[in-house]
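# Residue-level structure breakdown
Residue-level listing of the chains:
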Amino acid sequence: MSIIKTQDLTKIYVDHTVEVHALNGVTLDVAEREFTAVVGPSGSGKTTFLNIVGGLDNPSSGTVSIGDTDITDLKDNELIDFRLNNIGFVFQAYNLIPVLTAKENVEFIMLMQKKSKKERDSRVEELLVAVGLGDQMNKKPREMSGGQQQRVAVARALASKPKFVLADEPTANLDSKTAINLLEIMANLNKEEGITFIFSTHDQKVIDRARRIVTLEDGKIVSDVEQNV
Amino acid sequence: MYFKLAWRNIWRNKRRSLITIASILFAVFFAVMMRSIQLGLYSQMIDNVVGFYTGYVQIHSLGYWDEKTLDNSFEYDEGLIDDISKIDRITGVIPRLEGFALSSFGESTKGAMVVGVDPEKEKVMINFHEKIVDGAVFEPTDRSVLMGQGLADYYGLKAFDTLVLLGQGYHGVSAAGKYPVSGIVKFSSPMLNDNLIFLPLKEAQWFYGTDNRITSIVISTDDGNRASTLKASLAEKIDDNIYELMSWEEMMPELVQIIQADSGGGLIMLFILYMVITFGIFGTVLMMTAERTYEFGILLSIGMRRWKISIVLLIETLMMATIGVICGGILAMPLVFYFHNNPIELTGGAAEALLEFGFEAVIPPSTDPSIIITHALIILVITTLITIYPFFIISRLQAASAMRH
Ligand SMILES: Nc1ncnc2c1ncn2[C@@H]1O[C@H](COP(=O)(O)OP(=O)(O)OP(=O)(O)O)[C@@H](O)[C@H]1O
Ligand SMILES: [Mg+2]
């Protein structure tokens, strides 16, 4: 069953009177439980695409449907709430609220969802253990390595029980060993918990672990292949 | 959670937050000290004159205040006095007969205000018994005088010396008398201390030849702040074709002017101070907002509504303001109370200026809690207004572009 459907997405940025066509008609279906990499050279439109799919930016034309919802139609507050309840985000770096501990960062999402203390406590613990940080729960972001911070970000992205997780270059700031480790955690969550991931990357080792690879070039999909891992 | 977040955010940049808090602390401290001293001075000025002599409201015969002569006196009316006494919050209704006379002792002569009073009724107002420094207070039926210490010093006279009074009485009759000084009273206000001579009311009426007439009824109240409501309830009881009612502000416009001018000067200084503080806090908030744009982008992305992000910021700035206000208050209050109980005695130019206007050169700062409450509220309102800026920024923030920085 498809959970994300984009139809003919275009995005034109106007940068000092110069028009930049960041996306040129991207139509893509993502099914539940996919583990998909969006790849392509720098400036090909990966971030733009993921931002629009995540409702962080508006397309110039085209639509994005998530489940039964056309998110390009939502009002500002509806869209914010939609993101809270349906989409998990992992960004390239500095994902976490610096003044909160790992545990509090994950819990924060569930607080906004008004989940009970009992539910929060058990799920936060479960998630941090799942990303291998069961013993680092009370550390602040600056007391953790980049890889650990990204793993907390993955745990946080899952805290709301979202329909899928968007990760824009989650490994870009990590060394390759840590990057592979993060990918393995994501792949496990995908396999065992059935969580849908879409992530962008430059890193060939990361691309190797994706089951579907969508390649963008100049804002267009130039290839869309599946591979066995 | 919002409080936890806000609290921790304050300490992200300790130095900046502490500077902000310190500037608020200073503003509150300075404002409270200055206003306490000013308002303390004013209420002392008012109390010394209004509370111990003039009263908050006076009743005269119509036209007396413009032309203060005994010819504008009126018949003492016991019924009227009883009637007025029944009004709420009135603590005393005091008849007086005020006139001028030349006083002389030995070789010296000086003009003085010679006032007929009822020493019993004056207990709530002048209260001679408390002010007496030499001799004793006369009885209502005595034929002797009490005089201000300043005037007594001028003559170098003591209790039991004899003073000669010479003046003009009712309808131009001549008034003359020779009186033993039964006592000397000390007033805080030099204006009163240097110019007043008192006679028992009956004796003054005899001296001035006014029979049973008086020039004023002085009204005392336990709530000086409500002199105008008091005046309104008095107006209902009094025939305004015969009598005039005057509040102390009307009787002493110079005092009101001095207070307003001085208070205005202080308020302008405070206004400038608050402007400086406002820009200081604004600078902090500006930097806080700029530094955290990326973080706001993250919060917005993961599903935090804009107003909630703004609330955290508001709590942050209000917390800093509150800490500053409380610390400022904690520093200022003991000083205010200390100086209230051990008043500052002015010397030099400032003291001379006050004495010249007829006031004491001693200032007991006001301990009125409304001073600190007012300035605390001013700071909190300023802080709240300043957070409109980040509210505006956050309301227009685009998650995607916030995170490109
Ligand atoms: N806010 C913007 N204003 C103007 N141009 C923009 C803006 N955002 C992106 N672009 C342009 O759109 C194009 C696509 O950018 P995008 O960031 O989506 O690429 P990307 O594939 O994520 O690149 P990278 O691999 O470097 O992250 C680029 O040419 C970029 O310069
Ligand atoms: Mg990118």
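About the cut-offs
- Residue positions are given per chain, counted from 1 along the sequence in the order it is written.
- Think of it this way: whatever chain is written first is A, whatever ligand is written first is 1, and the rest follow in order.
- A pLDDT threshold of at least 70 governs which residues receive local features in this predicted model, and a stricter bar of 80 or more applies before side-chain atom pairs are shown or counted, although totals over entire chains, interfaces and linings include all residues.
- By convention in this description, side-chain values take in all heavy atoms of the structure and omit both hydrogens and water.
- Nearness of a residue to a molecule or strand requires only that one of the residue's heavy atoms be within 4 Å of it.
- We call two N or O atoms a polar contact when they sit within 3.5 Å, provided that within protein one can donate a hydrogen and the other can accept it, with sequence-adjacent residues counted only if both atoms are side-chain atoms.
- The accessible surface values rely on the Shrake-Rupley method and a 1.4 Å probe; as for residues, cover is taken only from the protein chains in view.
- Ten residue types, Ala, Val, Leu, Ile, Met, Phe, Trp, Tyr, Cys and Pro, are classed as nonpolar, four, Asp, Glu, Lys and Arg, as charged, and the remainder, Gly among them, as polar.
- In this scheme, a residue with accessible area under 20% of its type's maximum is buried, one over 50% is exposed, and one in between is partly exposed, where area comes from a 1.4 Å probe on protein chains only.
- Strands are runs of DSSP state E lasting at least two residues, helices are runs of H or I lasting at least four, and both sets are numbered from the N terminus onward.
- Any two strands between which DSSP finds at least two bridges are classified as paired.
- By definition, residues are in contact when any of their heavy atoms lie within 4.5 Å.

## Observations regarding the site of ligand 1
Near ligand 1 there are 15 residues, and of these Ser-42, Lys-46, Thr-47 and Thr-48 of chain A together with Arg-404 of chain B occur at the shortest range. In this structure, an oxygen atom belonging to ligand 1 sits 2.7 Å away from a side-chain N or O atom of Lys-46 of chain A. One of the side-chain N or O atoms of Arg-404 of chain B is found 2.4 Å from a nitrogen atom in ligand 1. When ligand 1 sits alone it has 630 Å² of accessible area, and the protein chains cover 73% of it. Class assignment for the residues of the shell around ligand 1 results in four nonpolar, seven polar and four charged.

## Details of the pairing of strand β6 (residues 145-148) of chain B
All names here are of chain B. Across the two faces of β6 the burial is the same, with Val-145 and Met-147 and Leu-146 and Gly-148 all buried. For β6 and strand β8 (residues 174-185), the ladder comprises four bridges, and the chain directions are parallel. The residue of β8 that forms the bridge with Leu-146 is Gly-183. Taken together, the two bridges between β6 and strand β9 (residues 196-200) define a ladder with antiparallel strand orientation. Counterpart to Met-147 in the pairing with β9 is Ile-197.

## A short note on the environment of Asp-29 of chain A
All names here are of chain A. As for its position among the elements, Asp-29 is in strand β2 (residues 18-31). C-alpha separation for the pair Asp-29 and Gln-7, spaced 22 residues apart in sequence, amounts to 8.8 Å. With near-sequence residues (within four places) excluded, Asp-29 lies in contact with Ser-2, Ile-4, Lys-5, Glu-34 and Arg-212. For Asp-29, the side chain forms a polar contact with the side chain of Lys-5, separated by 3.3 Å.

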